[in-house]
Amino acid sequence: MLKTKNIKFKAAILTKLKKNLKFDTLVFDKLLRGQVLVKIIYSSICRSQIMEIEGLRKNKKYLPHMLGHEGYGEVIETSKDVKKLKKGDKVIIGWIKNNNKNYDGFKLKSITNNKFVNSGCVTTFSNFSIISENRLIKKPNKMKSIDASFYGCAVPTGSGMILNQLKPKKNNSILLIGLGAIGICALATLKALKIKNVCIFEPNLKRVRIARKLGFKNIFNPKNKKTKNQIFKKYPYGFDACIESAGLKETIELGFSLIKPNNGKLIFASHPSSNQKILLNPHDLIRGKKIYGSWGGDCCPQKDIPKIFKLFDRNNINLNMFFNKIYNFNNINNAISDFKRGKVIRPIIKMRHI
């Protein structure tokens, strides 16, 4: 049983696809193996949650269920077998595992109708949450609390694609497609590594301004029909590598068409709908082009996140420069709407605990 009594969650729950999340109060009676009770302070919203809401992840069978997979909070209580965390620890919450342990999801009971709500091993769209130990790491002391939630998904994925998978050399030519949160974190990492020969495809002018603030000027609008011809004039042999995070099968295919025939590398962390397939020319593969998916930037959070934070800190890269729109938890549906319409790059949700 819980030592901390009468903990009740206020949660924003997906009850119907393509509809607003509904607020409810949930309760539970005990922590199971490997579980930690966390007070959520900030959560951010990833495109993965939009896909779940829109039913593009074949997730209807889990309704009603809780959402969110990157956040920041404080440990309230742990199950007896949890050894690396204790009450009061400030933690980064993310979906990427720290080890190969598997913990089951669970169900929480609604106070409103006494029905159960499904939850996975990590959720953050609530003011408290039960989270598996292997999805939590202690926040570095110097890291700002407001930035911490981005280290649960956007930062390890975007930075990890560069540091763990691409491992670029200073003279490499790199094409970056898409400046959402993952693309921006990848670009910030290239900036920190002093990689200068970077070409960016991004149609959104607000995001283009971010790239310019980081010192990158070689930016093209992929929607312009002349862009591909302009690129081939400037890079007649193609790019050494492409980082793709725009989320479309068309942009994966475009990036693959623009890398060098001999050992050009495409790494993508996109989320096209589950029923879509990418089309590639087999001859390109025979000639030496390579394509890789990225699962969280190939990161181990407890090992890689402190390294990435130190790299950003040394190079004065401030995440608040890119992601600074804060919404109260009660306005989470407005945040989701703004995110879907491209009005905000990565919304921050601030929780209440009264």
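In this text, all values refer to a predicted model and were calculated from it rather than measured experimentally.

Caption draft 1: Expanded view of helix α7 (residues 249-257). The element α7 is largely enclosed, with a buried count of seven among its nine residues. Taken together, the buried positions of α7 are Lys249, Thr251, Ile252, Glu253, Leu254, Gly255 and Phe256.

Caption draft 2: Seen up close, the nonpolar core. Counting 51 residues, the largest nonpolar core has Tyr151, Leu187, Phe322 and Phe323 as the members making the most contacts within it. Listing elements by their share of this core, those giving two or more residues are α2 (145-148), α3 (154-166), β11 (174-177), α4 (181-192), β12 (198-201), α5 (205-213), β14 (241-244) and α9 (301-314). Top element by residues in this core is α4. It accounts for nine residues. With residues near it in sequence (within four places) discarded, Phe323 still touches Phe150, Ala181, Ile184, Cys185, Ile345, Arg346 and Ile348. With 32 residues, the next largest nonpolar core counts Val38, Leu67, Val75 and Val344 among its residues.

Caption draft 3: Molecular detail of the state of the cysteines. Tallying each qualifying case throughout the model produces zero disulfides. Here Cys153 stays free of any disulfide, with the sulfur of Cys46 as its closest cysteine sulfur at 4.0 Å. Here Cys299 is not disulfide-linked; the sulfur of Cys300 is the nearest cysteine sulfur, at 8.3 Å. Taking the relative accessible area as the measure of exposure, Cys299 reaches 10% and is therefore buried.

Caption draft 4: Structural detail: unusual backbone geometry. Leu63 connects to Pro64 through a cis peptide bond whose omega is -10 degrees. Relative to the assigned elements, Pro64 resides in the loop between α1 (47-53) and β4 (65-66). Positive phi values are uncommon outside glycine, yet Asn114 reaches one of about 65 degrees. Among the secondary structure elements, Asn114 is positioned in the loop between β7 (106-110) and β8 (116-119).

Caption draft 5: Up close: the packing of aromatic side chains. This structure, assessed with the given rule, holds nine aromatic pairs. Ring plane angle 70 degrees and centroid distance 6.4 Å describe the contact between Phe201 and Phe220, whose orientation is recorded as edge-to-face. Separated by 19 residues along the polypeptide, Phe201 in strand β12 and Phe220 in strand β13 (residues 219-220) bring together distant segments of the chain. For Phe201, a relative accessible area of 2% gives the class buried. Given a relative accessible area of 14%, Phe220 falls into the buried group. Ring centres of Tyr235 and Phe239 lie 4.3 Å apart, and the angle between their planes is 35 degrees; on these two criteria the pair is classed as tilted. Considered together, Tyr235 and Phe239 belong to a single accessibility category, that of buried residues. The structure contains a cluster of three or more aromatic residues connected by ring pairs, namely Phe9, Phe28 and Phe128. Taking NZ or CZ as reference, Lys10 lies 4.9 Å from the ring centre of Phe23, over its face.

Caption draft 6: Main features of the pairing of strand β5 (residues 70-78). In terms of residue burial, β5 counts as a mostly covered element, since seven of its nine residues are buried. Relative to β5, strand β3 (residues 35-44) runs antiparallel, the two sharing seven bridges. Looking at β5, one finds that Ile40 is bridged to Gly73. As judged from the five bridges shared by β5 and strand β6 (residues 90-94), these two strands associate in the antiparallel manner. From the neighbouring strand, Gly71 faces β6, where its bridge partner is Ile93.

Caption draft 7: Representation of the environment of Asn164. Within the secondary structure layout, Asn164 lies in helix α3. Asn164 sits in the partly exposed class, given a relative accessible area of 22%. Between the alpha carbons of Asn164 and Cys46 there is a distance of 22 Å; along the sequence they are 118 residues apart. Every residue in contact with Asn164, bar those within four places of it in the chain, is listed here: Gly297, Asp298, Cys299 and Asp304. Only 3.1 Å separates the side chain of Asn164 from the backbone oxygen of Gly297, close enough to count as a polar contact.

Caption draft 8: Expanded view of the pattern of salt bridges. Counted under the stated rule, the structure contains 11 salt bridges. A salt bridge links Asp313 to Lys142; the nearest nitrogen and oxygen atoms lie 2.9 Å apart. Within this pair, whereas Asp313 is found in helix α9, its partner Lys142 is found in the loop between β10 (136-138) and α2, the two being separated by 171 residues in sequence. One salt bridge connects Glu253 with Lys249, and the closest N-O pair in it is separated by 2.8 Å. One end of the pair is Glu253 and the other is Lys249, both in helix α7 and four residues apart, which spans about a single turn. Like Glu253, the residue Lys249 is buried in the burial classification. Via salt bridges that share partners, Lys86, Asp89 and Lys138 belong to a single interconnected network.

Thresholds, definitions, all that
Residues numbered from 1 in each chain as written. Predicted model: local features only at pLDDT ≥ 70, side-chain atom pairs only at ≥ 80, totals over all residues. Heavy atoms only, no water. Buried < 20%, exposed > 50% of the residue type's maximum accessible area, 1.4 Å probe, protein only. Helix = DSSP H or I, 4+ residues; strand = E, 2+ residues; numbered from the N terminus. Core = buried A, V, L, I, M, F, W, Y, C linked by side-chain atoms within 4.5 Å. Contact = heavy atoms within 4.5 Å. Disulfide = S-S within 2.5 Å. Phe/Tyr/Trp six-rings, centres within 6.5 Å; stacked < 30°, edge-to-face > 60°. Lys NZ or Arg CZ within 6 Å of the ring centre and 35° of its normal. Pairing = 2+ DSSP bridges. Polar contact = N/O pair within 3.5 Å; in protein donor to acceptor, adjacent residues only side chain to side chain. Salt bridge = Lys/Arg side-chain N within 4 Å of Asp/Glu carboxyl O.

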